[in-house]
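Here's the letter readout for the chains.
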Amino acid sequence: MSQPLSPEREQRRAAIREALREVKNLPTLPGIISKLTKMVDDPDITTDQMGKLISKDHILAAKLLKLANSAFYGFPQRISSLSSAIILLGFNVIKILIISASIFELMEDQDVELWEHSLGCAVVCSVLAKHLEISDPEEVSTAGLIHDLGKVAIKMELPKESETITALVGSRGISRFTAEHELLGLDHAEVGGWLAKSWNLPVKLVEPIAWHHNPAGASSEPMAAAIVHFADIIIRGLGYGHGRDIWVPTLQSKAWELLRLRPTDLDKILENVEEKLWDVKGFSLEIKMEAGGVGSTSPGRG
Ligand SMILES: [Fe+2]
Ligand SMILES: [Fe+2]
């Protein structure tokens, strides 16, 4: 975190940052996102125009509908078409859903266990955000969905280092976060934050991703960062999916103060989460079957 680094460490960190900055192997977000971002900002844009743009990409459109109907967003009505999705959810939520669908695709190809952990985290974020009456619960869920994006980036861009980190976690019994710091001088939260920023994602997503292990560091979205931080801990504690880690992260006292939850709130939240996780499990399995790659995702891998 903020302890001073030796000059060698600092150098190594800069080199890694440079390597990751190029993100050669990482797909950039589809062009549709930047077009959509412009559309969202244009007051004259119609639902039809937006629907037409999204439907050009059939797979993305289908994923978006599936995501919109999945448990972690928890919209009250069934959403059956793109146009009704746009009318019901609004442009901003649609944009968030497209970002999720695109990043998700990247994650499900890479690491299904991590992907499941991310889905679970999004469910908890959604329940927490609604309980705390946050104004944009979908954004917080999305941040939960992609909070460990940096792990995917490290794995893709620095595969050897990523293997060493996994080995360190196993042999020394340390957290992945600590192992990343030891080997790289940085961690996946920081990497995820850079990446989200380089994709021009809104700060409401960038901050909770970048600070999900240290929400006290978030300057403009501390609440969203605290929610993702706590959701990450809850979902790991429940043993749902895993983040390529052996430890449940430690709860930061500042985050806990910010959330102001009482034990009775926690009971209610957990009950709600368990219920929703059932639906998500179904969603997750469905995607796995569609991908046809269940065999390539055994937990023993990487
Ligand atoms: Fe993490
Ligand atoms: Fe995580």
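Given the structure is predicted, the values throughout are model-derived calculations rather than measurements.

Participant: Please clarify how the state of the cysteines should be interpreted in this entry.
Facilitator: Here a disulfide denotes one covalent bond, and it connects the sulfur atoms of two cysteines. Taken as a whole and assessed by the stated rule, the structure comprises zero disulfides. As a non-bridged cysteine, C121 has C125 as the owner of its nearest cysteine sulfur, 4.3 Å distant. Overall, the relative accessible area of 0% leaves C125 in the buried class.

Participant: Got a minute to help me understand the coordination of the iron ion (ligand 2) in this structure?
Facilitator: Ideal donor angles around a metal are set by the shape: a four-donor tetrahedron calls for 109.5 degrees, a six-donor octahedron for 90 or 180 degrees. H117 (NE2), H147 (NE2), D148 (OD) and D232 (OD) make up the full set of protein donors to the iron ion (ligand 2), lying at 2.2 to 2.4 Å. Coordination at the iron ion (ligand 2) is irregular: its four donor atoms span angles of 78 to 171° at the metal. Here the donor residues of the iron ion (ligand 2) are spaced in sequence according to H-x29-H-D-x83-D. Taken as an interatomic distance, the gap from the iron ion (ligand 2) to the iron ion (ligand 1) is 3.6 Å; D148 donates to each of them. Taken together, the residues span a long stretch of sequence, with D148 in the loop between α8 (137–145) and α9 (149–157) and D232 in helix α14 (residues 222–237) at a distance of 84 residues. Since its relative accessible area comes to 3%, D232 is described here as buried.

Participant: It is not clear to me how the coordination of the iron ion (ligand 1) should be interpreted in this structure. Could you clarify?
Facilitator: Looking at the iron ion (ligand 1), one finds its protein donor set to be D148 (OD), H188 (NE2), H212 (NE2) and H213 (NE2), positioned 2.2 to 2.3 Å from the metal centre. Metal-centred angles of 84 to 170° between the four donor atoms at the iron ion (ligand 1) mark the site as irregular. Within one chain, the residues serving as donors to the iron ion (ligand 1) are arranged as D-x39-H-x23-H-H.

How each quantity is defined
- Residues numbered from 1 in each chain as written.
- Chains lettered and ligands numbered in written order.
- Predicted model: local features only at pLDDT ≥ 70, side-chain atom pairs only at ≥ 80, totals over all residues.
- Heavy atoms only, no water.
- Disulfide = S-S within 2.5 Å.
- Buried < 20%, exposed > 50% of the residue type's maximum accessible area, 1.4 Å probe, protein only.
- Donors = N, O, S within 2.8 Å, 3.2 Å for Na, K, Ca; no water.
- Tetrahedral: all angles 85-135°; square planar, octahedral: opposite > 155°, others 65-115°.
- Helix = DSSP H or I, 4+ residues; strand = E, 2+ residues; numbered from the N terminus.

Read these as layout, nothing more, since geometry by itself doesn't imply function.
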